[in-house]
Number of protein chains: 2
Amino acid sequence: MSQQRSPRRAPEPDQRLRDAERSRQQLLAAALDEFAAKGYAGARVQDIADRAGVNKQLIPYYFGGKEGLYRALEQSWLDQEAALGGPDMPFETLVGEYVHATLGDPRLLRLLIWDGLTDRGEDAPPASAAREPGESGTPSEPPDVADLRRRQETGEIAPDLDPALLLLAMTAAIAAPVVLPQVARRMGIDTSAPGFEARYAEQMRRLVRHLAG
Amino acid sequence: MSQQRSPRRAPEPDQRLRDAERSRQQLLAAALDEFAAKGYAGARVQDIADRAGVNKQLIPYYFGGKEGLYRALEQSWLDQEAALGGPDMPFETLVGEYVHATLGDPRLLRLLIWDGLTDRGEDAPPASAAREPGESGTPSEPPDVADLRRRQETGEIAPDLDPALLLLAMTAAIAAPVVLPQVARRMGIDTSAPGFEARYAEQMRRLVRHLAG
DNA sequence: GACACTGTCAACCAACAGGATGACTAAATA
DNA sequence: TATTTAGTCATCCTGTTGGTTGACAGTGTC
């Protein structure tokens, strides 16, 4: 957690009264909490600043406003993503890992979902990137889909399933307890119970097991 | 589209300049659009009124304000739910139906998701309903879970899967293209393509087929 | 046709949001 | 230490939000 300190000078950053980087990080952390909890429209810069323990003016100062803060948050997240995902571990294990990562700290997932809900078709790839009629299909398939396709050839996944669609479905399935807590509750599931995370992970592993060739 | 009209009296409701019920319905319809599109916090009463073609004041007038409108919407939705779901059709077909219903008109689903995201643990069942230590488990299992459990006994679903958890996961999986359009896009999936709905339905059917005993 | 009632609306209002401004001061530098 | 720079904040400003008010007009009744 704490950064290496040169033995001579360099006062402990966490003790300084003023520290731009620290303030920035605190704002980012608070923003993650707030945006994940209430979404962009629902979040209040005042609340974010309060949570971070700084003046709300620092948000425009450092990030150029609420939206800038949100973008910075997305960025800092993209930077550190892709931490998970071993190509050599069995798919079943991988899925279990994702369940734990997701349910352990749902904030990033919630951010993702909110992003999905407010998604406006987004910018279509620039006209220059338009594909010619000849070259059909996948434009530089993302690594995770490719990995899944590989597993399919290995026989780890049934051949009648589309890797991309499966990945999409599995992602949502893993996210289910976070996205639909009220539905879960209606089904008599207590997503906040102590053992739930492990139980759901096990369930997902079993489900994946059924998808083998 | 147009409603049957009794030949004698009963002035065509759609022609009257003033019609409380019509205004109410138009507001509900517009509210469904707006809330589904932007969520509660993001929706604007002005936009809802504009879309409904009435003055925004009618929202407080008829529904007691923005929140009242939202609750009324939830209510009118609960009233007409449970339309789908034949206990006799194969699970696989049922899932396909849900995909079509969901992707055909994603508004209700989006409402549900937004509800899930803004869900605050909600009111725990009143203390009087607390279960004694003796009677463990499912408090009056909801019909859909029970149905799934029945299918499991029939051998339609593998016995190692928990019906409730499976239902939760499947619900989310079906919803995936609506909830995570940006993720789909990143995977090279075009959820707005003409054939997509059928393609995804087929995929979900195949997936379910793998879950049979 | 007169009248009361209900549906509708334009205009106004208070609360609150996010952002801008300028003062103050700790930290860095000479 | 003197001076500059950068970090922080209290205060104000403007736009927007949901809601209220009161006038007015369509509708049904006698």
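Residues numbered from 1 in each chain as written. Chains lettered and ligands numbered in written order. Predicted model: local features only at pLDDT ≥ 70, side-chain atom pairs only at ≥ 80, totals over all residues.

K.L.:
Sorry, what's going on with the overall build of chain A here?
P.N.:
Along the backbone of chain A there are 10 helices and zero strands. Secondary structure elements of chain A occur, N-terminal to C-terminal, as α-α-α-α-α-α-α-α-α-α. Scored against the burial criterion, the 213 residues of chain A give a buried share of 30%. (Helix = DSSP H or I, 4+ residues; strand = E, 2+ residues; numbered from the N terminus. Buried ≥ 20, exposed ≤ 12 C-beta atoms within 10 Å, placed from the backbone.)

K.L.:
What is the right way to look at helix α2 (residues 45-52) of chain B in this model?
P.N.:
It helps to recall that an α-helix has 3.6 residues per turn; residues three or four apart then point in one direction. All names here are of chain B. Taken together, the buried positions of α2 are occupied by I48, A49 and A52. Buried residues of α2, viewed axially, fall in a sector of 95°; they line one side. Taken together, the buried residues of α2 touch α1 (20-42) and α3 (58-63). Positive backbone phi, approximately 75°, marks G53, located one or two places after α2. (Arc of directions from axis to C-beta. Contact = placed C-beta atoms within 7 Å.)

K.L.:
So what exactly am I meant to see when it comes to the interface of chain B and chain A here?
P.N.:
When the parts come together, some accessible area is lost, and that loss is often what is quoted as the size of the interface. Tallying the contact residues gives 48 residues for chain B and 48 residues for chain A. For the side of chain B that touches chain A, the elements supplying multiple residues, two or more each, are α1, α6 (107-117), α8 (163-179), α9 (181-186) and α10 (196-210) of chain B. Broken down by element, the side of chain B that touches chain A gets its largest block of residues, 12 residues, from α8(B).

K.L.:
Would you mind showing me how to read the packing of helix α1 (residues 20-42) of chain A against helix α6 (residues 107-117) of chain A here?
P.N.:
When two helices pack together, their arrangement is captured by the angle between the axes and the distance separating the axes. Residues and elements named next belong to chain A. Taken N-terminus to C-terminus, the directions of α1 and α6 make an angle of 40°; their axes are 9 Å apart at the nearest point. Our classification of the angle between α1 and α6 gives oblique. The hand of the α1/α6 crossing is left-handed. Residues L32, D33, F35, A36, G39 and Y40 of α1 form the contact with α6, whose participating residues are R107, R110, L111 and W114. Taken together, the residues that form the contact of α1 with α6 break down as six nonpolar, one polar and three charged. (Axes fitted to C-alpha atoms, helices over the stretch in contact; angles between N-to-C directions. Parallel < 35°, antiparallel > 145°, perpendicular 65-115°, else oblique. Left-handed = near helix turned anticlockwise from the far one by under 90°. Nonpolar A, V, L, I, M, F, W, Y, C, P; charged D, E, K, R; others polar.)

K.L.:
Sorry if this is basic, but what is going on with the confidence of the model for chain A here?
P.N.:
Residues and elements named next belong to chain A. Taken as a whole, chain A shows an average pLDDT of 84; of its residues, 81% reach a score of 70 or greater. Predicted confidence for residues 1-13 stays below pLDDT 50, and this span has six contacts to residues more than four positions away or in other chains. Between residues 126-131, whose pLDDT stays under 50, and residues either more than four places distant or in other chains, the model counts one contact. (pLDDT = per-residue confidence, 0-100.)

K.L.:
Hey, could you run me through the relation of the copies chain B and chain A in this one?
P.N.:
Two chain copies, one operation linking them: a rotation about an axis together with a shift along it. When chain B is fitted onto chain A, the two copies agree to an RMSD of 0.1 Å after a turn of 180° and an axial shift of 0.0 Å. Expressed as an axis order, the relation between the two copies is that of a two-fold axis. Most of the interface of chain B is mirrored in chain A, where 100% of its interface residues are also at the interface. (Least-squares fit on C-alpha atoms with pLDDT ≥ 70 in both.)

K.L.:
Can you help me understand the protein's contact with DNA strand D in this one?
P.N.:
If you check the shell around DNA strand D, you find 21 residues, and the closest are A20(A), S23(A), N55(A), G65(B) and K66(B). Those elements that provide at least two residues to the surface near DNA strand D are α1 and α3 (58-63) of chain A together with α2, α3 and α4 (66-80) of chain B. Residues that form the surface near DNA strand D fall into these classes: eight nonpolar, six polar and seven charged. (Near = placed C-beta within 6 Å.)

K.L.:
So what exactly am I meant to see when it comes to the environment of L168(A) here?
P.N.:
Summarising the element assignment, L168(A) is placed in helix α8 (residues 163-179). Separated by 125 residues in sequence, L168(A) and A43(A) place their C-alpha atoms 28 Å apart. Not counting residues within four places of it along the chain, the set of residues in contact with L168(A) comprises A176(B), P177(B), L180(B), V183(B), A184(B), M187(B) and I189(B).

K.L.:
Would you take a moment to explain the environment of D147(B) for this structure?
P.N.:
All names here are of chain B. Note on placement: D147 falls in helix α7 (residues 143-154). Under the C-beta neighbour-count criterion, D147 is labelled partly exposed, with 18 such atoms within 10 Å. Considered as a pair, D147 and P87 are 60 residues apart in the sequence and their alpha carbons are 6.9 Å apart.

K.L.:
How should I be thinking about the environment of I113(A) in this particular structure?
P.N.:
Note that I113(A) resides in helix α6. Note: C-alpha distance between I113(A) and V95(A) (18 residues apart in sequence) is 19 Å. Aside from chain neighbours lying at most four places away, what touches I113(A) is V179(A), L117(B) and V179(B).

K.L.:
Help me out: how do you make sense of α6(B) in this one?
P.N.:
All buried positions along α6(B) are accounted for by R110(B), L111(B), L112(B), I113(B), W114(B), G116(B) and L117(B). Packing partners of the buried residues in α6(B) comprise α1, α6, α8 and α9 (181-186) of chain A together with α1 and α8 of chain B.

K.L.:
Explain the packing of α7(B) against α8(B) to me, please; I cannot follow it from the model alone.
P.N.:
Residues and elements named next belong to chain B. Close contact between α7 and α8 brings their axes to 9 Å; oriented N to C, the two are set at 110°. The orientation of α7 with respect to α8, classified from their angle, is roughly perpendicular. Seen along the crossing, α7 lies across α8 with a hand that is right-handed. Two secondary-structure elements touch here, α7 through D144, V145, L148, R149 and Q152 and α8 through P163, A164, L166 and L167. Residues belonging to the contact of α7 with α8 are distributed by class as follows: six nonpolar, one polar and two charged.

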